[in-house]
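Descriptive analysis of the structure
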Amino acid sequence: MFRKEYGEVFEGDETWKSIKVPESKVYEWSDKSTYIQHPPFFEGMGEQPDPIEDITDANILALLGDSVTTDHISPAGSFKPDTPAGKYLQEHGVEPKDFNSYGSRRGNHEVMMRGTFANIRIRNEMLGGEEGGNTLHVPSGEKLAIYDAAMRYQAEGTPLLIIAGKEYGTGSSRDWAAKGTNLLGVKAVIAESFERIHRSNLVGMGVLPLQFKPGIDRNNLKLTGKEVLAIEGLEGVELRPQMPLTLIITREDGKYEEVEVLCRIDTLNEVEYFKAGGILHYVLRQLIAS
């Protein structure tokens, strides 16, 4: 029985043989699939990376506390019909009983983007610390799901930042915690400290990890989330590991404050990945060059 079953494992039964598959050397993406979609990471990628620029006129997408885990950032469990991911699937003909989980749909960036920062236990201090994946769209003052706010900011051409406390990105090394952050349009995460692997994953996805200097944090800076931020010191210089950069905070009343932050691109290899726009772009350009 063992020889028969495993000897024919690549042939399959009649049901398997009857499945119609396209004959192609590359995968043919189906617009109808809600499990696997063509990811957008290489859209608009040129032969040469764009020069690194300062981040200007950025809004805060979420103001978070200590020990934000990768499961807070990119949950793997189930989700409800009224969430952005649930609404997306229903619009594509999937009934709530067939939603499955974020983890099972990790091949579809449309679901995973909508699940980023959507954990029901995440606390956004911009909304007084209430639980759930919501935020304040600062220009309009509207309370929105974080995904919906991020898409509105993207349409407005506004770069985004995440502000957090200590031990940002603890937990499992969940790749979608960095991928989803990138796809929401977050350019940098500023935290008091980072978990090692998630920090590296952020760099690999072209998201800049920045660290407050000791004794400086979101609380003593009195951040509310309504400030307009800028990161200066990136443009026109040779990027190097752990270089100091300047965070410029413009308050609601127009007053501004400058704070030095530490660039947590920690190695020369990471410098090259970040300059390329992320490790995916770096590897692809290396393959093309060879």
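Residues numbered from 1 in each chain as written. Predicted model: local features only at pLDDT ≥ 70, side-chain atom pairs only at ≥ 80, totals over all residues. Heavy atoms only, no water.

Overview of the overall build of the protein chain
Across its full length, the protein chain holds 10 helices and 11 strands. In terms of overall size, the protein chain behaves like a compact globule, its C-alpha atoms giving a radius of gyration of 21 Å where 290 residues would be expected to give roughly 19 Å. If one aligns the C-alpha atoms of the protein chain with their principal axes, the spans along those axes are about 75 × 45 × 35 Å. Contacts in the protein chain between residues far apart in sequence, at least 24 positions, make up 64% of those at least 6 positions apart. Of the roughly 15,900 Å² of accessible surface on the protein chain, a fraction of 50% belongs to carbon and sulfur atoms. (Helix = DSSP H or I, 4+ residues; strand = E, 2+ residues; numbered from the N terminus. Rg over C-alpha atoms; globule rule 2.2 N^0.38 Å. Contact = heavy atoms within 4.5 Å. Areas by Shrake-Rupley, 256 points an atom, 1.4 Å probe, with all protein chains shown as cover.)

Topic: the side chain of Glu192
In this structure, Glu192 sits in the loop between β7 (186-191) and α8 (196-204). With relative accessibility at 15%, the residue Glu192 sits in the buried group. In terms of polar contacts, Glu192 uses its side chain to reach the side chain of Lys166, at 3.2 Å. Setting aside residues up to four positions removed in sequence, Glu192 forms contacts with Asp66, Ala164, Gly165, Lys166, Gln211, Phe212, Ile216, Asp217 and Arg218. (Buried < 20%, exposed > 50% of the residue type's maximum accessible area, 1.4 Å probe, protein only. Polar contact = N/O pair within 3.5 Å; in protein donor to acceptor, adjacent residues only side chain to side chain.)

Section: the side chain of Asn119
The topology assignment puts Asn119 in the loop between α5 (109-115) and β2 (123-124). Within the local environment of Asn119, its side chain forms a polar contact with the backbone oxygen of Asp71, the two atoms lying 3.0 Å apart. Excluding anything up to four places from it in sequence, Asn119 contacts Asp71, His72, Pro75, Gly132 and Gly133.

Regarding helix α6 (residues 146-156)
For α6, the set of buried residues is Ile146, Tyr147, Ala149, Ala150 and Tyr153. Looking down the long axis of α6, one finds its buried residues gathered within 160° of arc, a one-sided arrangement. As for α6, its buried residues are in contact with β1 (55-63), α4 (84-91), α5, β4 (134-137), β5 (142-145) and β6 (160-163). Within two residues after α6, Gly157 carries a phi angle of roughly 75°, on the positive side. (Arc of directions from axis to C-beta.)

Things to note about the packing of helix α7 (residues 175-183) against α8
In contact at an axis separation of 9 Å, α7 and α8 are set at 40° when each is read in the N-to-C sense. Viewed along their axes, α7 and α8 adopt a mutual orientation that is oblique. α8 is crossed by α7, and the crossing has right-handed handedness. Contacts between α7 and α8 involve Ala177, Ala178 and Thr181 from the first element and His198, Asn201 and Leu202 from the second. (Axes fitted to C-alpha atoms, helices over the stretch in contact; angles between N-to-C directions. Parallel < 35°, antiparallel > 145°, perpendicular 65-115°, else oblique. Left-handed = near helix turned anticlockwise from the far one by under 90°.)

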